[in-house]
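# Structural overview for review
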Amino acid sequence: AQTVTQSQPEMSVQEAETVTLSCTYDTSESDYYLFWYKQPPSRQMILVIRQEAYKQQNATENRFSVNFQKAAKSFSLKISDSQLGDAAMYFCAYRSAGGADGLTFGKGTHLIIQP
Amino acid sequence: DGGITQSPKYLFRKEGQNVTLSCEQNLNHDAMYWYRQDPGQGLRLIYYSQIVNDFQKGDIAEGYSVSREKKESFPLTVTSAQKNPTAFYLCASGITGGAGTEAFFGQGTRLTVV
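As the structure is a computational prediction, the values presented were derived from the model and not from experiment.

Looking now at the nonpolar core. Nonpolar side chains tend to gather and get buried jointly when the protein is soluble and globular. Residues and elements named next belong to chain A. Ranked by internal contacts, the top residues of the largest apolar core, which has 25 residues, are Tyr 25, Trp 36, Phe 75, Leu 77, Tyr 90 and Leu 111. Elements with a contribution of two residues or more to this core: strand E3 (19–21), strand E5 (32–39), strand E6 (46–52), strand E8 (64–69), strand E9 (74–79), strand E10 (88–96) and strand E12 (109–114). With four residues, E10 is the largest single contributor of residues to this core. Apart from residues lying up to four places away in sequence, Leu 77 is in contact with Val 19, Thr 20, Leu 21, Trp 36, Val 48, Ile 49, Phe 64, Ser 65, Val 66 and Tyr 90.

So this is what it looks like as structure tokens:
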């Protein structure tokens, strides 16, 4: 079974600064997908970014980018120019290539933005 | 607009009662999922279904039951056998196979035992 570990229960960053959230995972599969989800106080789960394991290029979405290290099984999220609206719980998630049994989530990192 | 609708948003259950949480999607997704969220625990998979009239247990299925009679609907029943049902429940849907798309989530149901 796959496991996802987020070692930072809480992180704090000054507005406009850059912050990196860590995620590691354990799998014996070679083909899979990784995701970062954001859960603001409304509790709606919002996809931030996705990464296909077969792609070496790191995914980027505006101020959000990932550092995907397949050999190290590491998938960190970098948020640049942090904004107050970025404050939320962030979850790292894994999905097998077949995807039949859904996503496996880490326990989350609570991101605080200091004004 | 396409999406996933969960109802009710808040639900209160007395000890010993069964309650059913509704989940409806109009995204034409084959797969649907139920997750439970507790503080500090992330999201844990309760049940999932890849096709109508078929479903599989997830990691924490004890005390829960589901049905999938229609593609659009995947209700979750929290039975009296569930020892600690107070939690936030999220329903999701997605495309099966190798498409690798993300799961789309509803807005959740907060269940409280009173």
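Okay, back to it.
Our focus in this paragraph is the layout of surface pockets. By volume, the largest pocket is sized at about 350 Å³. The wall of the largest pocket is formed by 20 residues, among which Gln 2, Leu 103 and Thr 104 of chain A together with Leu 45 and Asp 59 of chain B lie closest to the centre. Mapped onto the lining of the largest pocket, the elements with two or more residues apiece are E10 and strand E11 (104–105) of chain A together with strand E5 (42–51) of chain B. Of all the elements, E5 of chain B adds the most residues to the lining of the largest pocket, at four residues. Here the second largest pocket defines a volume of roughly 210 Å³. Taken together, 16 residues line the second largest pocket, and the ones lying closest to its centre are Gln 39, Arg 43, Met 89 and Phe 91 of chain A together with Gln 37 of chain B.

This brings us to the pattern of salt bridges. The full count for this structure, using the stated rule, is seven salt bridges over all chains. Among the ionic pairs, Arg 63 of chain A bridges to Asp 86 of chain A, the shortest N-O distance being 2.8 Å. With Arg 63 of chain A in the loop between strand E7 (60–61) and E8 and Asp 86 of chain A in the loop between E9 and E10, the pair connects residues that are 23 residues apart, well separated along the chain. Across the salt bridge formed by Asp 30 of chain B and Lys 71 of chain B, the nearest N and O atoms sit 3.4 Å from each other. One end of the pair, Asp 30 of chain B, is in the loop between strand E3 (19–25) and strand E4 (31–38); the other, Lys 71 of chain B, is in the loop between strand E7 (64–66) and strand E8 (76–78), and 41 residues separate them in sequence. On the accessibility criterion, Lys 71 of chain B (24% relative accessible area) is partly exposed. Through salt bridges with shared partners, a single ionic network connects Arg 36, Asp 38 and Arg 44 of chain B.

This part is about the interface of chain A and chain B. Facing 21 residues of chain A, the contacting portion of chain B comprises 25 residues. Both faces combined, the contact of chain A with chain B buries some 1,900 Å², and carbon together with sulfur accounts for 48% of it. Per-residue buried area on chain A facing chain B is highest for Arg 43, Gln 44 and Arg 95 of chain A; these three make up 27% of the total on that side. For the pair chain A and chain B, the interface holds one salt bridge. At the junction of chain A with chain B, the criterion picks out seven residue pairs in polar contact (both at pLDDT 80 or more). Contributing elements (two or more residues each) for the side of chain A that touches chain B: E5, E6 and E10 of chain A.

It is worth spelling out the state of the cysteines at this point. Covalent bonding between the sulfur atoms of two cysteines is what defines a disulfide. Residue and element names in this part refer to chain A. A full pass over the atoms with the stated rule returns two disulfides over all chains. What pairs with Cys 23 in a disulfide is Cys 92, and their sulfur atoms sit 2.0 Å apart. The sign of the -70 degrees torsion about the S-S bond sets the Cys 23-Cys 92 disulfide as left-handed. Separated by 69 residues along the polypeptide, Cys 23 in the loop between E3 and strand E4 (24–26) and Cys 92 in strand E10 bring together distant segments of the chain. On the basis of relative accessibility, which here comes to 2%, the residue Cys 23 falls in the buried class.

Residues and elements named next belong to chain B. The four strands are arranged E1-E3-E8-E7 in an open sheet whose pairing can be described as antiparallel. Edge positions in the sheet fall to strand E1 (4–7) and E7, since each of these pairs with one other strand and no more. The mean angle between the axes of side-by-side strands here comes to 20 degrees, regardless of whether they run parallel or antiparallel. Inspection of the sheet shows E3 paired to E8 by three bridges, in the antiparallel sense. Residue Leu 21 lies in a different strand from E8, and its bridge partner there is Leu 76.

As a further point, take the environment of Val 48 of chain A. All names here are of chain A. Following the sequence through the fold, Val 48 ends up in strand E6. Separated by 52 residues in sequence, Val 48 and Ala 100 place their C-alpha atoms 22 Å apart. Val 48 has contacts with Trp 36, Tyr 37, Lys 38, Glu 61, Phe 64, Leu 77 and Tyr 90, leaving out every residue within four places of it along the chain.

About the thresholds
Residues numbered from 1 in each chain as written. Chains lettered and ligands numbered in written order. Predicted model: local features only at pLDDT ≥ 70, side-chain atom pairs only at ≥ 80, totals over all residues. Heavy atoms only, no water. Core = buried A, V, L, I, M, F, W, Y, C linked by side-chain atoms within 4.5 Å. Buried < 20%, exposed > 50% of the residue type's maximum accessible area, 1.4 Å probe, protein only. Helix = DSSP H or I, 4+ residues; strand = E, 2+ residues; numbered from the N terminus. Contact = heavy atoms within 4.5 Å. 1 Å grid on protein atoms, 1.4 Å probe; cavity = no way out; pocket = protein on both sides within 12 Å on 5 of 7 lines; lining within 4 Å. Points joined across faces, edges and corners; volume = space filled by probe spheres on them. Salt bridge = Lys/Arg side-chain N within 4 Å of Asp/Glu carboxyl O. Buried area = accessible area lost by both parts, 1.4 Å probe. Polar contact = N/O pair within 3.5 Å; in protein donor to acceptor, adjacent residues only side chain to side chain. Disulfide = S-S within 2.5 Å. Pairing = 2+ DSSP bridges. Axes fitted to C-alpha atoms, helices over the stretch in contact; angles between N-to-C directions.

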